[in-house]
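Listed below are the residues making up each chain.
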Amino acid sequence: MKESIAYVRQMLGELRHVARRQKADLLCYLIEMAYVEAGDIQSGQKAISINHSKRN
């Protein structure tokens, strides 16, 4: 699980750079929020917030 979150965070970091180069400010902001969230989950400061089995 921690490896998966680390991978997601790494990919978000790369996407953030792409969005920044394209001057996609809103997209960059949203990706940054996801990046921060992944970091919080990775460090144990926050639990995963969505339980997929309860959706729909």
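Thresholds applied
Residues numbered from 1 in each chain as written. Predicted model: local features only at pLDDT ≥ 70, side-chain atom pairs only at ≥ 80, totals over all residues. Heavy atoms only, no water. Helix = DSSP H or I, 4+ residues; strand = E, 2+ residues; numbered from the N terminus. Axes fitted to C-alpha atoms, helices over the stretch in contact; angles between N-to-C directions. Parallel < 35°, antiparallel > 145°, perpendicular 65-115°, else oblique. Left-handed = near helix turned anticlockwise from the far one by under 90°. Contact = heavy atoms within 4.5 Å. Salt bridge = Lys/Arg side-chain N within 4 Å of Asp/Glu carboxyl O. Buried < 20%, exposed > 50% of the residue type's maximum accessible area, 1.4 Å probe, protein only. Patch = residues over 30% accessible without salt bridge, like charges linked within 9 Å, V, L, I, M, F, W, Y side chains within 5 Å. Areas by Shrake-Rupley, 256 points an atom, 1.4 Å probe, with all protein chains shown as cover.

What is the right way to look at the environment of E14 in this model?
Looking at the secondary structure, you find E14 in helix 1 (residues 2-21). For E14 and I31, which are 17 residues apart along the polypeptide, the C-alpha to C-alpha distance reads 9.8 Å.

How should I be thinking about the packing of helix 1 against helix 2 (residues 25-43) in this particular structure?
A packed helix pair is summarised by two numbers, namely the angle formed by the two axes and the spacing between the axes. In the contact formed by helix 1 and helix 2, the axes pass within 9 Å of each other and the chain directions differ by 160°. Relative to helix 2, the element helix 1 lies roughly antiparallel. Every pair of crossing elements has a handedness; the one defined by helix 1 and helix 2 is left-handed. Residues K2, I5, A6, R9, L12, G13, L15, R16, A19 and R20 of helix 1 form the contact with helix 2, whose participating residues are L27, C28, I31, E32, A34, Y35, A38, G39, I41 and Q42.

Which parts of the structure should I look at to understand the pattern of salt bridges?
Two side chains that carry opposite charge are able to pair once their charged atoms sit near each other. Applying the stated criterion to the full structure yields one salt bridge. Of the charged contacts, one joins R16 and E32 as a salt bridge, the two residues approaching to 2.5 Å between their closest N and O atoms. Note that R16 is positioned in helix 1 and E32 in helix 2, a separation of 16 residues in sequence. Residue classification places R16 among the buried positions, given a relative accessible area of 13%.

Explanation requested: a nonpolar patch on the surface in the structure shown.
A contiguous nonpolar patch, built from L26, Y29, L30, M33 and V36 and spanning about 490 Å² of accessible area, is present on the exposed surface. Here Y29 shows up in helix 2. A relative accessible area of 48% places Y29 in the partly exposed class.

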